[in-house]
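Understanding the architecture of this molecule
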Amino acid sequence: MNTTRDPLPAGDGRDEAAEQARILQEPQGAETAPADGLAPSHAAAPKPAPEPASEPITVPRVSPHPYATERAVEQAKKEARLGARRETLLYLDGVNKTFDGFKAINNLSLVVQRGEMRAIIGPNGAGKTTMMDIITGKTRPDSGDVFFAGDVDLTKHDEASIASMGIGRKFQKPTVFEGLTVEKNLRLSLAGSRSVFEALLHKRSGEENDRVEEILHTTRMVDKRHRLAADLSHGQKQWLEIGMLLAQDPELLLVDEPVAGMTDAETEETARLLREIAEKHSVVVVEHDMHFVRALGVKVTCLHEGTVLSEGTLDHVSSDPRVIEVYLGR
Amino acid sequence: MIIRYLGARVWILVAALVAAAILVPLANLALPANHPLHVPSYLVPLIGKYVCYAMLALALDLVWGHLGILSLGHGAFFALGGYAMGMYLMRQIGARGVYGNPELPDFMVFLNWQELPWYWYGFDQFWFAALMVMVVPGLLGFVFGYFAFRSRVTGVYLSIITQAMTYALLLAFFRNDMGFGGNNGLTDFKDILGYPIQADTTRAALFAASCIALALAVLCVGAIIRSKLGDLMIAVRDAESRTRFIGWRPEYVKLFAFTLSAVMAGIAGALYVPQVGIINPGEFAPVNSIEIVVWAAVGGRGTLLGPVIGALLVNYGKSVFTGLAPEYWLFVLGGLFVVVTIFLPRGIVGTIDHGWDALKARRRAKNREKGESEGTGNDPNLAASPAE
Amino acid sequence: MIGRSALFKRPTSLAGPPDKPTDRGLAFMIRPMPWLLALLALLFGSLLSAPATAQEPATTASGDPAAIVQKFGGKQSYDETEAVISELAGTGDPAVARPLRALRDGDLYWREGDQAVFIATRDGDEYDLLDPMTGETAGTAPRGEMEKVRVKNSIRNAVTLALGSLTLRSDNPAQRLRAAQTLFSEADPEMIAPLTEAIAAEEDPAVKTAMAEARASAILASDAPEAEKAEEARILAARGDREALAMLSRFADSAQTPEARSAALSAIAQVENNIAFWNQAQNVWYGLSLGSVLLLAAIGLAITFGVMGVINMAHGEMVMLGAYTTFVVQEFIRTNVPGLFEWSLAIALPLAFLVSGLVGLVMERGLIRFLYGRPLETLLATFGVSLILQQAVRTIFGPTNREVGNPDWMSGAFEVGLMQVTWNRLWIIVFAIIVFVALLAVLNKTSLGLQMRAVTQNRRMASAMGIRTPWVDAMTFALGSGIAGIAGVALSQIDNVSPNLGQGYIIDSFMVVVFGGVGNLWGTLVGAMTLGVVNKFLEPFAGAVLGKIVVLVLIILFIQKRPRGLFAQKGRFVDA
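Residues numbered from 1 in each chain as written. Chains lettered and ligands numbered in written order. Predicted model: local features only at pLDDT ≥ 70, side-chain atom pairs only at ≥ 80, totals over all residues. Heavy atoms only, no water.

Labelled according to an unreviewed UniProt entry, chain C appears under the name Amino acid/amide ABC transporter membrane protein 1, HAAT family, originating from Fulvimarina manganoxydans. UniProt annotates chain C under Subcellular location (unreviewed entry) with the comment "Cell membrane". (UniProt positions renumbered as here; feature names shortened; annotations may be inferred.)

Chain A is annotated in an unreviewed UniProt entry as Urea transport system ATP-binding protein of Fulvimarina manganoxydans.

Here you go:
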């Protein structure tokens, strides 16, 4: 219904239509879901330490002022609550999201450590994109915890502030600013002030130019810098989008199907690029292409019906009978 | 440096406007009536009116062409600016009205009002009226935009509620007890800043002021669209949600442009009223607002030059047509809407630009074949076709 | 009516001598209720300011109304005429209503030659004569020969009262009811007794209530003891309308004892509650009526905008085309087959559907299909079409309002409680519901509806399954436009048919669809009714224009809270 009403340019409509088509093809809802034994989300995800909220927290009297003491107590409680997730970069626990009775995310728990690169696989409708939506603030979960860098509650922020915190996202369908040149696409993405007035009075700095130059090189777009993004090929748009992610310099990159529609050579090239990026950033990659996932050589999480089905090395996951069942059917 | 920054096109337009601001009044006032270059007095306010419309079209295009916000309510900002100026002109009448009341405008005397409503205070001062010309439309644009953009009302929904906004104002201003003259609006102005409003010299000065205001508006819009903010606006137009995911807040971008655009429309309205001598609620009619859109569309939206040219052309056509066969003007206007959207989606300037760019691209490709290094290239941004 | 009551047996058993002699000498009775007669006599006596002058009629009270009527003949003073009126009333014969009414209307004449009395209507230089009692034609007479029985206002009043008391005893319940209602407004203390009698004899409960109310009003106006008045106040309270309120207020003002005053005040409170209740009901009714108009105007839009996502700014003009189709149909019928006028709307409906649907089809094929996925351009292009259509209609039919008539079944009004219900509004509500249900059925039960839903949900998939999506688009758009045409037929009955008809509805229609939730017919229904009722409830406080502004502002705020409307579709594919 919504595709034709979409106020955005036509492209998005097509994207949604494709997604809907995917939904139509997918096996029907929860009633055909595997029995209880096959919902091991908690077994798969590292369980955080039990919350020590019940224990009384004693804090030495910090100052004669009662408010200071109160704040110290608060701080101590917060430290205690942080507990196990303090070291994590991304922490999802017991997240649920339902769309009109369709459980897109079902008690999902997932932890990504700092500096880690994680691949996420799963059949259509497994909730991969919805999970990304929740992390980036596009969708609010019905329940559950989503924390970034230990103590930032992502459910309380919107897309722009989450992006400013250092979470970058590449969409399934490459979305670049088609009316702008490649270079301007990158410049808009560069980390820095996001104030409207500063944008109005902005002057290009040498540092900025260097950075753009560097990214153009990394993504091999130097000779296309003055081309309109609309005129790029599909694969080039994917790369431009990755370049925009780099320009943002986020702590965590969420990359949704980066090699969809790419040739084998391009795929390999992309894998190389992502590995390079992962040296400095944490990355979560959603991908269908098993060759690509293998080429990444990282820990794999398999989602199914909005929950973690299996987690480990690719070999471990792909030999998991439940995963095989989900992918190949009964 | 600045000249290069804005591009030659902007400067040509500005130069033309400044020239018009000087030459047209000269040709009207200094040349004898039988001189072939003499501009008759009736033409001066007429062209001045077109110039105000051009500024209005430019204001609309700032949000439509560059941000993709199709406002069907820009006539409201224009009319509010016009009313603010009209209120000043009303107070200038003083005791020369039909009822000779030095304090109250005629229509208030007629309605048996005893004292000036509070919102008329201060309008006897030009500086206050001039401030309100910008503040009132700007404030409405800001408040309206704040609510609309914050809750992410986009596309046709936004268009429809902007239309509802101007419709609501239309109904409100028709009411006598609003204190804006009801159905008849504000008229019978006598003088502005102490000069008689009907005099040729005053009209020439108003004309010149309109041209200068338009030139400043062109410079302002040109500077914005060439800045990083201009790129950001294009980005928001093409992929609004993407800008969010790289940390921008498109609602602020829109709010800034929408408010600025409302202020510009208000100024255009304020310059318009003394030249046509009346402002009434009809200016709020939704049809008027949609007409602005067709001016911008004919000229070519998002091209800076286009809306100005479109507004001048369409309104000239309207004047000619309503002189020849008034009953057929609506056919022509309706036809324009259809033809432009189907056959000329880039508008006149956009189509020319597009052809020019294609030509240049071909030449560049040829140059590259010869092994020459690629030049810096022109920024294709201005000529960028709107997202389709 | 007279004819019918004349069929019934005339009262033949005339009573004996009056038990209370009066100067008017009314000595008849129908039923054994002598004191009623006495009171009647008193009544008419009191109506006369002049002392008794005409003794003759009193003595010759033969009881034959036809004979008494003849006494109007000849030169008479007003007092004499009034005496004859009371005599006639005294017969208690419903048949005398005819001459009395003729008298009141100034149609009663007497012939100069023989002083015979006739009901006469002028026909050129002659009068057509009717027998005053039977209403049969009695030939003609030249103008010079006929003399009018002179009347003045006090005579007319006397006639009215006489008719009231007469018809209290009519055999026709409707007539008795009307008599009781007349007497209620008259509030004449003289009528207490006849009313009491009539109540005792009355069997129809509705008439009985009306009589009791009339009696109560009469008692309140009389100098009866206050305790009795307080008692009667309760009956008036139960009636609960403005007239009762006025009477009760008068009673409360004049009441001497605290008991009576408190009884009056509590009765007033009750009446005020009742009036307030019916005011609310009336508001709801007006609101539903406005809502149904909005629904009719918006429901086609709910298809083209809500289901297809096409912004059709020419939608209002589709409505206008429907209204003009009605006009053309009625013109044709008026000049060619006037007998079919009652059917003109029924004939116009399918034609309007076809006309607007066809225009919609042409628009979709010729214009809109090139603009799918570009909603803003669609908006502009269809706005251009709307200008062209408006101007075309203005050129063909002229810029002024055209007269579209209401068939009989669409005109008039009736009352429910204290609420006025006009037939055209009622029919439009019924019609809107029928259209709504029919449209639901088309969407949910027909193959076109199935294909429409399939295409709108997933165009490419539908296309892959062999649905001819362009055809479905065209049909959907034609359906939405055709329904707008049908709405035009209905709106022609309550609105001015002018080239601007459509413009007045387009913004409201969009508001309804957006408010109700796009793509949801039920949302459109609820949206239209809500907006209609809210609008009508705001009107008393804010006035019509301000009320409308408030509604617009509320919708603008509402859209910002819930950009997808009241019945928004939820889901992960709904992109904000």
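Turning our attention to the overall build of chain A. When you go through chain A residue by residue, the secondary structure sums to 14 helices and 10 strands. In chain A, which comprises 330 residues, the proportion classed as buried is 52%. Sequence separation of at least 24 residues holds for 67% of the intrachain contacts in chain A that already meet a minimum separation of 6. Within the structure as shown, chain A displays about 14900 Å² of accessible surface, and the carbon and sulfur contribution to it stands at 53%. (Helix = DSSP H or I, 4+ residues; strand = E, 2+ residues; numbered from the N terminus. Buried < 20%, exposed > 50% of the residue type's maximum accessible area, 1.4 Å probe, protein only. Contact = heavy atoms within 4.5 Å. Areas by Shrake-Rupley, 256 points an atom, 1.4 Å probe, with all protein chains shown as cover.)

Turning our attention to the overall build of chain C. The number of helices and strands found in chain C is 23 helices and seven strands. By the burial criterion, 53% of the 576 residues in chain C qualify as buried. For chain C, long-range pairs separated by at least 24 residues make up 68% of all intrachain contacts whose partners lie at least 6 apart in sequence. Working note: accessible area of chain C is about 24500 Å², and carbon and sulfur atoms make up 59% of it.

On to the sheet that holds strand β2 (residues 102-113) of chain A, then. All names here are of chain A. Pairing in this open sheet of four strands is antiparallel, and the strands run β2-β1-β4-β5 from one edge to the other. The outermost strands of the open sheet, each flanked by one partner alone, are β2 and β5 (152-153). Against the sheet, helix α5 (residues 128-136) contacts β1 (88-99), β2 and β4 (143-148), and its axis sits at roughly 115 degrees relative to β1. (Pairing = 2+ DSSP bridges. Axes fitted to C-alpha atoms, helices over the stretch in contact; angles between N-to-C directions.)

Within helix α6 (residues 97-105) of chain C the residues assigned to the buried category are C:Ala97, C:Pro99, C:Leu100, C:Ala102 and C:Leu103. C:Gly106 lies just past α6(C) and shows a positive phi near 75 degrees.

It is worth spelling out the UniProt feature "transmembrane region" (unreviewed entry) in chain C at this point. All names here are of chain C. Taken from the UniProt record, the annotation "transmembrane region" (unreviewed entry) applies to residues 284-311, 343-363, 375-393, 426-450, 471-490, 510-534 and 541-559. The span residues 375-393 shows a helical share of 100% and a strand share of 0%, and its end C-alpha atoms are spaced 27 Å apart. As a span, residues 426-450 carries 96% helix and 0% strand, and end to end its C-alpha atoms are 32 Å apart.

For the structure shown, the criterion picks out 39 aromatic pairs over all chains. On the basis of an interplanar angle of 75 degrees and a centroid distance of 5.9 Å, the ring pair of B:Tyr83 and B:Phe180 is categorised as edge-to-face. Of the two residues, B:Tyr83 is situated in helix α4 (residues 74-93) and B:Phe180 in the loop between α7 (155-174) and β1 (186-187); the sequence distance between them amounts to 97 residues. Given the relative accessible area of 11%, B:Phe180 is considered buried. With centroids separated by 5.2 Å and ring planes inclined at 85 degrees, the aromatic side chains of B:Trp118 and B:Tyr119 adopt a geometry described as edge-to-face. Note on B:Trp118: relative accessible area 65%, which makes it exposed. Its relative accessible area of 23% is what places B:Tyr119 among the partly exposed residues. Over the face of the ring belonging to B:Phe245 we find A:Arg169, whose NZ or CZ atom lies 5.3 Å from the ring centre. Looking at C:Arg150, its charged tip hangs above the ring of C:Tyr78, at a distance of 4.8 Å from the centre. (Phe/Tyr/Trp six-rings, centres within 6.5 Å; stacked < 30°, edge-to-face > 60°. Lys NZ or Arg CZ within 6 Å of the ring centre and 35° of its normal.)

We now examine the sheet that holds strand β3 (residues 126-130) of chain C. All names here are of chain C. Reading across the sheet, the five strands line up as β4-β3-β2-β1-β5 and stay open at both edges, with antiparallel pairing between neighbours. Each of the sheet's edge strands pairs with one partner strand only, and the pair in question is β4 (137-142) and β5 (146-148). Averaged over neighbouring strand pairs, the angle between their axes works out to 45 degrees when direction is ignored. Here five bridges tie strand β2 (residues 117-123) to β3, and the two strands are oriented antiparallel to one another. By the bridge assignment, Ala-120 is partnered in β3 with Leu-129.

As a further point, take unusual backbone geometry. One non-glycine residue, A:Glu305, lies in the positive phi region at around 50 degrees. If you trace the backbone, A:Glu305 turns up in the loop between β9 (299-304) and β10 (307-312). Residues other than glycine seldom take positive phi values, yet B:Asn112 does so here, at roughly 65 degrees. Residue placement: B:Asn112 occurs in the loop between α5 (106-110) and α6 (126-150).

Let's shift gears to the interface of chain C and chain B. Taken together, the contact between chain C and chain B spans 38 residues of the former and 40 residues of the latter. Of the roughly 3700 Å² buried where chain C meets chain B, counting both sides, 80% is carbon and sulfur surface. Counting the surface chain C buries against chain B, the share from its top three residues, C:Leu376, C:Leu380 and C:Gln560, is 17%. Seen at the junction of chain C and chain B, the total is one salt bridge. Our enumeration of links across chain C and chain B arrives at two residue pairs in polar contact (both at pLDDT 80 or more). Listing elements by their share of the side of chain C that touches chain B, those giving two or more residues are α16 (375-397), α21 (503-516) and α23 (544-561) of chain C. Across the side of chain C that touches chain B, the residue classes tally to 28 nonpolar, five polar and five charged. (Buried area = accessible area lost by both parts, 1.4 Å probe. Salt bridge = Lys/Arg side-chain N within 4 Å of Asp/Glu carboxyl O. Polar contact = N/O pair within 3.5 Å; in protein donor to acceptor, adjacent residues only side chain to side chain. Nonpolar A, V, L, I, M, F, W, Y, C, P; charged D, E, K, R; others polar.)

Moving on: the side chain of C:Gln390. Residues and elements named next belong to chain C. Of note, Gln-390 is situated in helix α16. By relative accessible area, which is 3% here, Gln-390 ends up buried. When sequence neighbours within four positions are dropped, the list of residues in contact with Gln-390 reads Glu-317, Met-320, Pro-499, Asn-500 and Gln-503.

This part takes up the state of the cysteines. All names here are of chain B. According to the stated counting rule, one finds zero disulfides over all chains in the structure shown. Of the cysteine sulfurs around Cys-52, a residue in no disulfide, the closest is that of Cys-211, at 8.9 Å. Relative accessible area serves as the criterion here: at 1%, Cys-52 is assigned to the buried category. (Disulfide = S-S within 2.5 Å.)

What follows deals with the pattern of salt bridges. Inspection of every chain in the model, using the stated rule, returns 40 salt bridges over all chains. Of the charged contacts, one joins A:Arg211 and A:Glu214 as a salt bridge, the two residues approaching to 3.4 Å between their closest N and O atoms. With A:Arg211 and A:Glu214 both in helix α9 (residues 206-218) and three residues apart, the pair spans about one turn of that helix. According to the relative accessible area criterion, A:Arg211 is partly exposed, its value standing at 26%. In this structure, the salt-bridge partner of C:Lys536 is C:Glu539, at a minimum N-O distance of 3.4 Å. Highlighted residues: C:Lys536 and C:Glu539, both in helix α22 (residues 521-542), separated by three residues, approximately one helical turn. Residue C:Glu539 is classed as partly exposed on the basis of its relative accessible area of 24%. Linked through salt bridges whose partners overlap, the residues forming this network are A:Asp158, B:Glu240, B:Arg244, B:Arg249, B:Glu251 and B:Lys254.

Below, the discussion takes up the pairing of strand β3 (residues 117-121) of chain A. Walk down a regular strand and you will see the side chains alternate between the two sheet faces. Residues and elements named next belong to chain A. For β3, the tally of buried residues reaches five of five residues, placing the bulk of the element in the interior. Covered by surrounding structure in β3 are Met-117, Ala-119 and Ile-121 together with Arg-118 and Ile-120, the residues of both alternating faces. Two elements, β3 and β9, share four bridges in a ladder whose sense is parallel. Within the sheet, the bridge partner assigned to Ile-120 lies in β9 and is Thr-301.

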